[in-house]
Amino acid sequence: MTWNIRTGGRDRGGSDRLDQVVQVIDQQRPDVLALQELRGFDRDGLMATVAGRVGMTPHLARSCFGQPVAVLVRPPYRVLAAGALRRPFHHAAARVVVSTSAGPLTVLGTHLYPYSGGRRRMEVDWLVAALRRAPGPLTLLAGDLNSLDPTVDHTARLTGLSAIYRRRHVRRGGGAVDTRAIARLLAANLVDLWPSSNVGAPEADGLTVPTRFGGAEFAGMRLDYLFGSRAVAERVRGCRVIRGGAADAASDHYPLLTTLDLDAG
């Protein structure tokens, strides 16, 4: 499961949403969880506290410019290796290799640059290079990629956004929709798990922002993704956006969950 929990699940001068975040995670009980926007999770033991509440082991990647990200793993799955990608991501990228019955599964959890498609494209190139160095064919990229799908027409949707937010998703000069980051992942032979698992489903079913919590910078978009190698895609048993209940107000993003035919190794 991947989820941007918005500013560490807490709002400056506002509500603390961490209890709702924990509730959603407990309801879904993912074996592997990629979290983004973990503001404050690198201080005062907050990462360990939240991980303990949901019964998972955390692997945090700190950020120099933005907010940390993490990949959490639930026993009995064993972690063979873990660390942060040593590239200047605006936020960060965490790498965890999990032992499974079919061999090592390499998971990258990340949060791409929000303000420039060119910078997102560069960050994607770093991620693709890291996946190519994986110890086996099972690889999964999870996170808030802040990027639009090149297979969908976004013209009408972006027209409704204010200019300050629309320019995050268009290329400089011509104003064409910037989908280069996702196009690069598809060109790297990675499979976008939501559409591949939901052929014929309404596009709205896959939108991950905004929630009822809000999000003025969004216009009904799919910004959160799970990309798998062909070996992972063959093991997918479903992929869905988690809606309803606490998920409607715990963040401005909905969680995205896939089920894989993989047991602990």
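Going by the structure above, here's the rest.
Being a predicted model, the structure only gives us computed values, none of them experimental. (Residues numbered from 1 in each chain as written. Predicted model: local features only at pLDDT ≥ 70, side-chain atom pairs only at ≥ 80, totals over all residues. Heavy atoms only, no water.)

*Asks:* Run through empty space enclosed by the protein, naming residues and quoting values.
*Replies:* Considering all chains together, one arrives at 1 cavity of 30 Å³ or more under this definition. The volume enclosed by the largest cavity comes to roughly 40 Å³. Forming the boundary of the largest cavity are P114, N146, R168, H169, E217, F218 and L223. Residues of the lining of the largest cavity, tallied by class, amount to 3 nonpolar, 2 polar and 2 charged. (1 Å grid on protein atoms, 1.4 Å probe; cavity = no way out; pocket = protein on both sides within 12 Å on 5 of 7 lines; lining within 4 Å. Points joined across faces, edges and corners; volume = space filled by probe spheres on them. Nonpolar A, V, L, I, M, F, W, Y, C, P; charged D, E, K, R; others polar.)

*Asks:* An account of the packing of aromatic side chains is requested, with residue identities and associated values reported.
*Replies:* For the structure shown, the criterion picks out 3 aromatic pairs. Measuring from ring centre to ring centre gives 5.5 Å for Y113 and Y115, while their planes differ by 90°; the resulting arrangement is edge-to-face. Note on Y115: relative accessible area 48%, which makes it partly exposed. Here Y225 and F227 contribute two aromatic rings whose centre-to-centre distance is 5.7 Å and whose plane-to-plane angle is 25°, an arrangement assigned as stacked. Lying over the aromatic face of Y113, R119 brings its terminal NZ or CZ to 5.6 Å of the ring centre. (Phe/Tyr/Trp six-rings, centres within 6.5 Å; stacked < 30°, edge-to-face > 60°. Buried < 20%, exposed > 50% of the residue type's maximum accessible area, 1.4 Å probe, protein only. Lys NZ or Arg CZ within 6 Å of the ring centre and 35° of its normal.)

*Asks:* Which residues make up the packing of helix α1 (residues 18–28) against helix α2 (residues 46–54), and what values do they have?
*Replies:* For any two helices packed against each other, one specifies the crossing angle of their axes together with the interaxial distance. Packing of α1 against α2 leaves a shortest axis separation of 9 Å and a crossing angle of 40°. On the basis of their axis angle, the class for α1 and α2 is oblique. Handedness of the crossing formed by α1 with α2: right-handed. Of α2, the residues touching α1 (which contributes L18, D19, V22, I25 and D26) are L46, V50, R53 and V54. A breakdown of the residues in the contact of α1 with α2 according to their chemical character gives 6 nonpolar, no polar and 3 charged. (Axes fitted to C-alpha atoms, helices over the stretch in contact; angles between N-to-C directions. Helix = DSSP H or I, 4+ residues; strand = E, 2+ residues; numbered from the N terminus. Parallel < 35°, antiparallel > 145°, perpendicular 65-115°, else oblique. Left-handed = near helix turned anticlockwise from the far one by under 90°. Contact = heavy atoms within 4.5 Å.)

*Asks:* Can you lay out the packing of helix α3 (residues 117–132) against helix α6 (residues 180–187) for me, pointing to particular residues and giving the numbers?
*Replies:* Here α3 crosses α6 at 25°, and the two axes come no closer than 8 Å. Here α6 runs roughly parallel to α3, going by the angle between their axes. Our pair here, α3 against α6, has a crossing hand that is right-handed. Counted together, G117, G118, R120, R121, V124, D125 and V128 of α3 and R180, A181, R184 and L185 of α6 form the full contact between these two elements. Tallied by class, residues from the contact of α3 with α6 come to 4 nonpolar, 2 polar and 5 charged.

*Asks:* Go over unusual backbone geometry with me, naming the residues and quoting the values.
*Replies:* With omega at 15°, the peptide bond leading from P75 into P76 counts as cis. Position of P76 among the secondary structure elements: in the loop between β4 (69–73) and β5 (78–84). If you check the backbone angles, R6 has positive phi at about 60° while not being a glycine. The topology assignment puts R6 in the loop between β1 (2–4) and α1.

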